[in-house]
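# Remarks on the overall topology
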6 protein chains.
Amino acid sequence: MTRGFYIGRFQPYHEGHHRMVEEIAEEVDELVLGIGSAGDSHTVHDPFTAGERIMMITKALVDLDLVTYPVPIEDLERNSVWVSHVRSMSPRFDVAYSNNPLVIQLFEEAGVEVRQSDMFNREELEGSAVRERMIEGEDWRSLVPAPVAEVIDEIDGIQRLQRVARSDTNDG
Amino acid sequence: MTRGFYIGRFQPYHEGHHRMVEEIAEEVDELVLGIGSAGDSHTVHDPFTAGERIMMITKALVDLDLVTYPVPIEDLERNSVWVSHVRSMSPRFDVAYSNNPLVIQLFEEAGVEVRQSDMFNREELEGSAVRERMIEGEDWRSLVPAPVAEVIDEIDGIQRLQRVARSDTNDG
Amino acid sequence: MTRGFYIGRFQPYHEGHHRMVEEIAEEVDELVLGIGSAGDSHTVHDPFTAGERIMMITKALVDLDLVTYPVPIEDLERNSVWVSHVRSMSPRFDVAYSNNPLVIQLFEEAGVEVRQSDMFNREELEGSAVRERMIEGEDWRSLVPAPVAEVIDEIDGIQRLQRVARSDTNDG
Amino acid sequence: MTRGFYIGRFQPYHEGHHRMVEEIAEEVDELVLGIGSAGDSHTVHDPFTAGERIMMITKALVDLDLVTYPVPIEDLERNSVWVSHVRSMSPRFDVAYSNNPLVIQLFEEAGVEVRQSDMFNREELEGSAVRERMIEGEDWRSLVPAPVAEVIDEIDGIQRLQRVARSDTNDG
Amino acid sequence: MTRGFYIGRFQPYHEGHHRMVEEIAEEVDELVLGIGSAGDSHTVHDPFTAGERIMMITKALVDLDLVTYPVPIEDLERNSVWVSHVRSMSPRFDVAYSNNPLVIQLFEEAGVEVRQSDMFNREELEGSAVRERMIEGEDWRSLVPAPVAEVIDEIDGIQRLQRVARSDTNDG
Amino acid sequence: MTRGFYIGRFQPYHEGHHRMVEEIAEEVDELVLGIGSAGDSHTVHDPFTAGERIMMITKALVDLDLVTYPVPIEDLERNSVWVSHVRSMSPRFDVAYSNNPLVIQLFEEAGVEVRQSDMFNREELEGSAVRERMIEGEDWRSLVPAPVAEVIDEIDGIQRLQRVARSDTNDG
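As the structure is a prediction and not an experimental result, all values here were calculated from the model.

What follows is about the overall build of chain A. Broken down by element type, chain A carries seven helices and five strands. Start at the N end of chain A and walk to the C end: the helices and strands fall as β-α-β-α-β-α-β-α-β-α-α-α. Dimensions of chain A along its principal axes, counting C-alpha atoms only, are 45 × 40 × 25 Å. Relative to its 172 residues, chain A shows a buried fraction of 63%.

It is worth spelling out the interface of chain E and chain B at this point. Across the boundary between the two partners, chain E contributes 18 residues, which contact 14 residues of chain B. A buried area of about 1400 Å², summed over both sides, lies between chain E and chain B, and 38% of it is on carbon and sulfur atoms. Across the pair Arg163 of chain B and Glu108 of chain E runs a salt bridge whose closest N-O atoms are separated by 3.1 Å. Seen at the junction of chain E and chain B, the total is nine residue pairs in polar contact (both at pLDDT 80 or more). Of all the secondary-structure elements, those providing two or more residues to the side of chain E that touches chain B are helix H4 (101-109) and helix H5 (119-136) of chain E.

Moving on, we come to the interface of chain D and chain C. The figure often quoted for interface size is the accessible area lost as the parts come together. Contact with chain D, which involves 20 residues of that partner, is made by 21 residues of chain C. Carbon and sulfur atoms make up 64% of the area that chain D and chain C hide from each other, which totals about 1600 Å². Contact with chain C buries area across many residues of chain D, yet Met55, Glu74 and Met89 of chain D alone supply 31% of it, more than any other trio. Linking chain D with chain C are zero salt bridges. Put simply, chain D and chain C have six residue pairs in polar contact (both at pLDDT 80 or more) between them. At the level of elements, helix H2 (50-60), strand E3 (67-72) and helix H3 (82-89) of chain D are the ones that each hand at least two residues to the side of chain D that touches chain C.

Each copy of the sequence occupies a distinct position, and chain D is placed on chain C by a rotation of 180 degrees and an axial shift of 0.0 Å, giving an RMSD of 0.0 Å. Such a turn and shift between the copies fits a two-fold axis.

All right, on to the relation of the copies chain E and chain B then. Between chain E and chain B, which share one sequence, the superposing operator has a rotation angle of 120 degrees and an axial displacement of 0.0 Å; the RMSD is 0.0 Å. Given the turn and translation reported, the copies of this chain are related as if by a three-fold rotation axis. Closest approach to the rotation axis within chain E is made by the C-alpha atom of Glu77 of chain E, at a distance of 6.9 Å.

So, about the sheet that holds E3 of chain D. Sheet strands line up and pair through hydrogen bonds in the backbone, either parallel or antiparallel. All names here are of chain D. The strand order E3-E2-E1-E4-E5 describes an open sheet built from five strands, whose pairing is parallel. The two strands at the open ends of the sheet, each matched to only one other strand, are E3 and strand E5 (114-115). Across three bridges, strand E1 (residues 3-8) lies against strand E4 (residues 95-97) in parallel orientation. When the sheet's bridge partners are listed, Tyr6 is paired in E4 with Tyr97. Sitting on the sheet, helix H1 (residues 15-25) touches E1, strand E2 (30-35) and E4, and the angle it makes with E1 is about 165 degrees.

The next subject is the side chain of Thr49 of chain C. Relative to the assigned elements, Thr49 of chain C resides in the loop between strand E2 (30-35) and helix H2 (50-60). Thr49 of chain C sits in the buried class, given a relative accessible area of 7%. The contact partners of Thr49 of chain C, leaving out residues within four places of it in the chain, are Asp40, Ser41, His42 and Arg160 of chain C together with Ser88 of chain D.

Conventions we followed
- Residues numbered from 1 in each chain as written.
- Chains lettered and ligands numbered in written order.
- Predicted model: local features only at pLDDT ≥ 70, side-chain atom pairs only at ≥ 80, totals over all residues.
- Heavy atoms only, no water.
- Helix = DSSP H or I, 4+ residues; strand = E, 2+ residues; numbered from the N terminus.
- Buried < 20%, exposed > 50% of the residue type's maximum accessible area, 1.4 Å probe, protein only.
- Contact = heavy atoms within 4.5 Å.
- Buried area = accessible area lost by both parts, 1.4 Å probe.
- Salt bridge = Lys/Arg side-chain N within 4 Å of Asp/Glu carboxyl O.
- Polar contact = N/O pair within 3.5 Å; in protein donor to acceptor, adjacent residues only side chain to side chain.
- Least-squares fit on C-alpha atoms with pLDDT ≥ 70 in both.
- Pairing = 2+ DSSP bridges.
- Axes fitted to C-alpha atoms, helices over the stretch in contact; angles between N-to-C directions.

Structure follows, in structure tokens:
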């Protein structure tokens, strides 16, 4: 039995993440999805709560033939203990998946195997692109799995994001 | 669709918790299991990490016909914001299950419906009884679901608990 | 112009505190009431929120001929910076009033004048006595100023305290 | 009896804030002034301590015929619990005043009535304008109530702000 | 070159610690002394600041033929990341010395070699004995190296400890 | 006996710092080197852990005829208590050395003597220059004492810094 670990902020969980999970599913029996910056919400960078992101992931993965564990990971603001923190919050895993150079560095210093994928970079860029479209009122539904769009609609997510986007410009 | 929320520390997840979940399963379609004090571990009161407790719960509930979400909840050490914190970490829920007077008070002040059960008290007492037996080297396996015992064996959980129990007496 | 500083948890603000304020009022022109452990609430030791304690103090002092500033002081859990923290949260003051040996020690190490009063000890003991009576359903109204009793009634404070008191006995 | 809540950082309390308070005074009997980012000080964005800001507000409002409560609110760095935190620190209020989209969003998600005013935007912009003038040695006294200028003079506030402004450029 | 790590709270650094260091000195070339609970001070359990404890250790070890590094370690209140935290604060070390069961457990789970000594228990007990004598006004000087007594005298340490000891009894 | 205090982040300890220490050595008998932002590591701004920086400083100063204490200082994110925090972590000092306007302001408000030097500015600028060269693969060894280069080589510091530098560009 092999268990993988895949970390992201999932703001929101989009097609790029979904393709990654499908690719990883071919290599592992079970997959932990670490929901990073779990305590953050209601900002342009992190609009959705951890609970909302658990819903997105659970619903999007319901038909995938893979045991998955969505696990919120709160920030400790201290890179040197990050791997220990992740390990204490997550079921044990054998291999981590990431293309983020900091994440790779931290896992490797701790002796954890990391696998990369060309797909990651594209996926990362899509995160801010999706939020940008949400703010601008452009089409974002085609970039996320259908159940994710339902969750976002239920929580009035677009209005929330559009509002907090206006906050950033008049702080004074 | 009704979703319930059931909070506990699950140190470890034992038969008392399991009977509660089975009882709740008759009233709800989905159940969030909030894993309290998620950041605590390696003490007599809280020997297991959040990740280990997720494993216990997931394996113990695999055959139950109920959608469950085990969600670690880190302490914020501030009762006045506890309900908001729980809500942000958890999928939305309609009703909370607890017999703990503080939890009931906090949920009710926040306008959340709480249901109690006579079973809770017994279940709470069992938590420390199980840990006591583990420390004393007595039979504890009969008090937890079989998959939980497997998880505890895999992580050498009894040795860990017995060791930290000796720490409490010589603080210096 | 002399401004004094008087720290307490005010759980609740009672007649002992009130007599102290009246005594201090003879020595200063203005008085800051530092509300300690401002983040704590819903426990036997600290049942009321900072906001509720501000209400108690404000209403109890409305007829006193003294400019008062009730200022919540959150705990930093670090004695060595406590005086700096208090000073940053409070209007400047010339003299501190306390009979608590730790508070006296910290202020004196920081070069702040501290004045003591025989009245303090009695007042401190009254705090837990008032909460004990509230829990036991005995008369507590005679121990607090009338406007404080009104605030406690409005927020259903007795029920809250009685409930959380039951939590302490079954933690498991 | 209606009590309002008006949140700001008040760095410093200026004429824009003052006009807002006067406008709100026509709608409420009592007003809580929440002093945001209460733990921050000695930066270009937040030069004054919470205690200094309490002094500014208290002195500026002494002649206004309105019961006011200046209440420091420390940041919890977690939007999802912000409303609960504010409520625990503040006397109960019936309506919040803000033009900040994030604040509006958070209060509305929590079911609190929010009133906006065209005046807010102008007032927010004035905050950084006042600090800019202080740094550049230009006239800032005409932008704040006279008692606020006295507080700032007493604490050598201009020198402090000018110094910390120089820190931002050589961090190295 | 072998570097050891020896953790303690050193409240204060006493003859029991000193004998341990002398024993360890025969096995290692360099020794890190981790000063635990570095942020705590002014309590009966932890009367001295980290800076004061650095002074005690440095002066007591000045004549020992061993390279030593006294390193304050602040508590993170999270056992699962404690080893990573210690490692990030300390120069790299090859072996840890401890008789504390929790410390041993945490280091061993992280794959760090731990050496124990019969001497430890005695040393740990001496810590509270020294503080007890200080509080009671009995002889404590014979239990600590002479330079440690000098540091304690310079900072009026006995008065501080005696005062905070009185605080514990009237919390109210 | 005069003891000085010199604060820096020492990311890494370089020739500019070294010249400063040599200059200060002419004025004091002992010197505390406060290692700021001690909890930060693995970022472009703060690549090295506190433990690694202690090693750099200790090895670089081994031949200097001056008693030195390298002391990690974790951030408290609160300027108003920073001086108290520093004082609690450090052996007592008589004079602080800094050219940073914020540091000077905070020490002066707390009544601590601060000495400046024209050398500081140049030294501060060198910090980011050294890291820039490390990232770009240019010569950095000539800018740091030889023992510092050895420490950085031992911990594969250049690879770490180059990797985390790539993280900053694809956050999404």
